[in-house]
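Remarks on the overall topology
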Amino acid sequence: MRTGMRIGVLGSGGMAEALGGRWVAAGHEVLIGGRSPERSRELASRIGAVAGSPADAVAFGDAVLLAVPAAVAVDVLGAAPGRVVIDCTNSVVPGRFVLDEPRVAARLASASGAHVVKAFNLCHVDVWRRPSLTFEGRPLGVPLCGDSASALEVVRELVRSIGCVSVDGGPLERAELLEAATAFAIGLWVGGADVRSMFPTIT
């Protein structure tokens, strides 16, 4: 098991705070590199990380969390050949719960040259802010989609380090299914449906 990994975070919003803060608490080094230097410094100070530029975040350590709006994700990331990039973005049209920007993860990989892993996008940011990520005695499952075995292992370790379990979602081409499933599930949650009741354990 790897410990003390270095994670650059592109963004300074809710997901950057929630996941970045958990990784700091788990003993990782985190650099916040949002588009606003002031917000980046404020967030870094609050969660015990360090602040830098977006370019610093891309170049920092073992992985990059892309926590920006999906509509600007490709432009914000830019060229990142060979980097491990975690795409937690969701592109959901409010009220309609359909995808506004389809195939975000695949387009990121094509445009940047990075080893993109789709992960951490299925749950609302408030889930990642909870004191515990154990539900009914079981750790939260985090689906991962990616093509690089080494990148997937890096992300699996980051999942394990915050008390969750990774779920193999297949290659990156399946990330569009995860993106669509997330939009569908959000619509059900907002409508008051019990989403978990649709996925009983098979014995």
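Our structure's up above, just so we're on the same page.
Residues numbered from 1 in each chain as written. Predicted model: local features only at pLDDT ≥ 70, side-chain atom pairs only at ≥ 80, totals over all residues. Heavy atoms only, no water.

1. Concerning a nonpolar patch on the surface
A contiguous nonpolar surface patch, about 380 Å² in accessible area, is contributed by Phe-184, Met-198 and Phe-199. Following the sequence through the fold, Met-198 ends up in the segment after α8 (175-190). On the accessibility criterion, Met-198 (43% relative accessible area) is partly exposed. (Patch = residues over 30% accessible without salt bridge, like charges linked within 9 Å, V, L, I, M, F, W, Y side chains within 5 Å. Areas by Shrake-Rupley, 256 points an atom, 1.4 Å probe, with all protein chains shown as cover. Salt bridge = Lys/Arg side-chain N within 4 Å of Asp/Glu carboxyl O. Helix = DSSP H or I, 4+ residues; strand = E, 2+ residues; numbered from the N terminus. Buried < 20%, exposed > 50% of the residue type's maximum accessible area, 1.4 Å probe, protein only.)

2. Here's the deal with the sheet that holds strand β6 (residues 115-118)
Pairing is mixed across the open sheet formed by eight strands, whose spatial order is β3-β2-β1-β4-β5-β6-β9-β10. Each of the sheet's edge strands pairs with one partner strand only, and the pair in question is β3 (50-51) and β10 (165-168). Examined bridge by bridge, strand β2 (residues 29-32) and β3 share two bridges and lie parallel to one another. The residue bridging Ile-32 from the neighbouring strand is Ala-51, located in β3. (Pairing = 2+ DSSP bridges.)

3. Things to note about helix α5 (residues 104-112)
Within the sequence span of α5, burial applies to Val-104, Ala-105, Ala-106, Leu-108, Ala-109 and Ser-112. Downstream of α5 by a residue or two, Gly-113 has a phi angle that is positive, lying close to 80°.

4. Focus: the state of the cysteines
Considering all chains together, one arrives at zero disulfides under this definition. No disulfide involves Cys-123; its sulfur sits 8.2 Å from the nearest other cysteine sulfur, which is in Cys-164. For Cys-123, a relative accessible area of 18% translates into the label buried. There is no disulfide at Cys-145, and the cysteine sulfur nearest it, in Cys-88, is 14 Å away. (Disulfide = S-S within 2.5 Å.)

5. Some points on the packing of helix α1 (residues 14-25) against helix α2 (residues 37-47)
Contact geometry of α1 with α2 gives a least axis separation of 9 Å together with a crossing angle of 40°. If you check the angle between α1 and α2, you find them oblique. Seen from above, α1 lies across α2 with right-handed handedness. Where α1 approaches α2, its residues Ala-16, Glu-17, Gly-20, Gly-21 and Val-24 are matched on the opposing element by Leu-43, Arg-46 and Ile-47. Here the residues of the contact of α1 with α2 sort into four nonpolar, two polar and two charged. (Axes fitted to C-alpha atoms, helices over the stretch in contact; angles between N-to-C directions. Parallel < 35°, antiparallel > 145°, perpendicular 65-115°, else oblique. Left-handed = near helix turned anticlockwise from the far one by under 90°. Contact = heavy atoms within 4.5 Å. Nonpolar A, V, L, I, M, F, W, Y, C, P; charged D, E, K, R; others polar.)

6. Here's the deal with unusual backbone geometry
A positive phi is found at Phe-120, a non-glycine position, where the angle reads about 65°. The residue Glu-136 is not glycine, and still its phi comes out positive at about 50°. Summarising the element assignment, Glu-136 is placed in the loop between β7 (134-135) and β8 (138-139).

The analysis is restricted to geometry; functional conclusions fall outside its scope.
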